[in-house]
Structure formats: structure tokens, C-alpha cells
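# Observations on chain architecture
For reference, the chains in residue letters:
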Amino acid sequence: MTPTIRPATSDDVPLIARLIRALAEYEKLAHEVRFDETVLREKLFGARPFAEVVIGEVDGVAQGFALFFHNFSTFEGKPGIYLEDLFVQPEARGSGLGKALLSHLAALAVERDCARLEWSVLDWNEPAIGFYKSLGAKFMDEWTVMRVDGPALAQLGAQAGS
């Protein structure tokens, strides 16, 4: 099995959508998938792309993806890459595709003069945690993810300028 990585194009949106849904099923979060493919296409490939996607293939067959975007470290004074989603189909696990996707992103980070590559992992996902640790990833235990969304986001935004 030979893994290869290629940049996604707008023609890949149906594939990306399928892979996102497969990831959500694996993470037991399918009920949270709400995207519209037309909007997804615009946000990924429109006039102002908000993220990038690479497709992972094994022997020419799409088996995974990574969706990522740039963040910025004020302490480092440099950008970073934040990996929002990484997914490899169960039948392709063990093929080296997951490592190839992460290696590709690490190479992009180096090429783009980024300070780091970061992502989150669900605390119950022991196979992924073990895999990430084997690549040299470390836990950032002193940090807690915070989120404002839905009505709370709208309410907070409505307070702007007041």
C-alpha cells in the first residue's frame, strides 16, 4: 500500500463531506454535523478560503483527509498550523496514511516558517493518542479549550460596540 497526499480542489467537496461525516460517526458526533456542501465549498475554495484540505490516498483511492488553517503565536511571533480534522478510513489504518498526512502538514509548517503544528484529540480516543505520542506529540495539559457558539455567540457579538 502506497500512501500519497494531494491538495483538495473544489471538485473534492462531495468527498470531503463524506469523510467529515465518517469522522463524525467515528467520534460519535454525527448529530452535530450541520454543514451545507454549497457553503462548505465557498468557505474552503471561494474568494476568501478559511481553511485548506489535503486528501490522503492509498494506491490511488481516497481514504482520508486533513483540514487545517493558520493560527498565530504572539509569543513566538510566527504563524502555526492548526489541524482541525484528521481522518483515515478504518480499512486504511495501518497503511501509513495517517503518518503521511501529519508528515505532510509538518513539512508545510516548516516550509511556511511556522512555529508549531497543533490539534486536539478526544480524551477517549486511545488509539489516536498513542499514535500521536509515537510521532513526538505532547499533551498540553495546562490548557483547556474554551468555546462560545450558538445563541451565546450571537449574544456576545450583539454586545460589540455597546
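Summarised in this report is the structure supplied together with it. Not measured: the values here are computed from a predicted model.

### Focus: helix 1 (residues 13–26)
Its 14 residues give helix 1 an end-to-end C-alpha distance of 20 Å, which sits within 8% of 20 Å, the value for a rise of 1.5 Å per residue. Along helix 1, the positions that sit buried rather than exposed are Val13, Leu15, Ile16, Ala17, Leu19, Ile20, Ala22, Leu23 and Ala24. Each element contacted by the buried residues of helix 1 is listed here: strand 1 (3–7), helix 2 (37–45), strand 2 (52–58), strand 3 (61–73) and strand 4 (78–88). Positive phi appears at Lys28, one or two residues downstream of helix 1, with a value of about 60 degrees.

### Notes on the pattern of salt bridges
Applying the stated criterion across every chain yields a total of six salt bridges. Two residues, Lys78 and Asp113, come together in a salt bridge whose shortest N-O distance is 3.0 Å. Here the residue Lys78 occupies a position in strand 4, and Asp113 occupies one in the loop between helix 3 (97–111) and strand 5 (117–119), the gap between them amounting to 35 residues. Looking at Lys78, the relative accessible area reads 30%, which means it is partly exposed. Across the pair Arg116 and Glu118 runs a salt bridge, and its minimum N-O distance is 3.6 Å. Salt bridges sharing common partners tie together Arg6, Asp12 and Glu57.

### Here we look at the side chain of Ser73
Relative to the elements of secondary structure, Ser73 occurs in strand 3. Side chain to side chain, Ser73 and Arg116 meet in a polar contact 3.2 Å long. Other than its neighbours up to four places away in sequence, Ser73 contacts Lys78 and Arg116.

### Observations regarding the sheet that holds strand 5
The strand order across the open sheet formed by five strands is 1-2-3-4-5, and the pairing between neighbours is mixed. Each edge of the open sheet is held by one strand with a lone partner, namely strand 1 and strand 5. Put simply, the sheet's adjacent strands are angled 30 degrees from each other on average, direction ignored. The sheet contact formed by strand 2 and strand 3 spans seven bridges and is antiparallel. Each residue of the ladder has a partner; that of Val53, found in strand 3, is Leu67.

### Section: a nonpolar patch on the surface
A cluster of nonpolar side chains, contributed by Val148, Leu153 and Leu156, occupies part of the molecular surface with about 270 Å² of accessible area. Tracing the backbone shows Val148 in the loop between helix 4 (126–134) and helix 5 (150–158). Using a relative accessible area of 42% as the deciding quantity, one classes Val148 as partly exposed.

### Observations concerning the environment of Thr144
Examined against the element boundaries, Thr144 turns out to sit in the loop between helix 4 and helix 5. Looking at Thr144, the relative accessible area reads 63%, which means it is exposed. Separated by 27 residues in the primary sequence, Thr144 and Leu117 have C-alpha atoms spaced 17 Å apart.

### A few points about the nonpolar core
Core analysis: the biggest nonpolar cluster contains 18 residues, and Ala66, Phe68, Ile81, Leu83, Leu86, Leu101 and Leu105 have the highest contact counts within it. Broken down by secondary-structure element, the contributors of at least two residues to this core are strand 2, strand 3, strand 4, helix 3 and helix 4. Counting residues per element, this core draws most heavily on helix 3, at six residues. Discounting residues that sit within four places of it in the chain, Leu105 has contacts with Ala66, Phe68, Ile81, Leu83 and Leu117. Listed in part, the 16 residues of the second largest apolar core include Ala8, Leu15, Leu23 and Val53.

### What about the packing of aromatic side chains?
Between two aromatic rings, the relevant description is the distance of the centres plus the angle of the planes. The tally for this structure, following the rule as stated, stands at four aromatic pairs. A ring pair is formed by Tyr26 and Trp124, whose centres lie 6.0 Å apart and whose planes are at 50 degrees; its orientation type is tilted. Placement of the pair is Tyr26 in helix 1 and Trp124 in the loop between strand 5 and helix 4, with a sequence separation of 98 residues. Classification of Tyr26 as partly exposed rests on a relative accessible area of 28%.

Definitions and limits used
- Residues numbered from 1 in each chain as written.
- Predicted model: local features only at pLDDT ≥ 70, side-chain atom pairs only at ≥ 80, totals over all residues.
- Heavy atoms only, no water.
- Helix = DSSP H or I, 4+ residues; strand = E, 2+ residues; numbered from the N terminus.
- Expected span 1.5 Å × (residues − 1).
- Buried < 20%, exposed > 50% of the residue type's maximum accessible area, 1.4 Å probe, protein only.
- Contact = heavy atoms within 4.5 Å.
- Salt bridge = Lys/Arg side-chain N within 4 Å of Asp/Glu carboxyl O.
- Polar contact = N/O pair within 3.5 Å; in protein donor to acceptor, adjacent residues only side chain to side chain.
- Pairing = 2+ DSSP bridges.
- Axes fitted to C-alpha atoms, helices over the stretch in contact; angles between N-to-C directions.
- Patch = residues over 30% accessible without salt bridge, like charges linked within 9 Å, V, L, I, M, F, W, Y side chains within 5 Å.
- Areas by Shrake-Rupley, 256 points an atom, 1.4 Å probe, with all protein chains shown as cover.
- Core = buried A, V, L, I, M, F, W, Y, C linked by side-chain atoms within 4.5 Å.
- Phe/Tyr/Trp six-rings, centres within 6.5 Å; stacked < 30°, edge-to-face > 60°.

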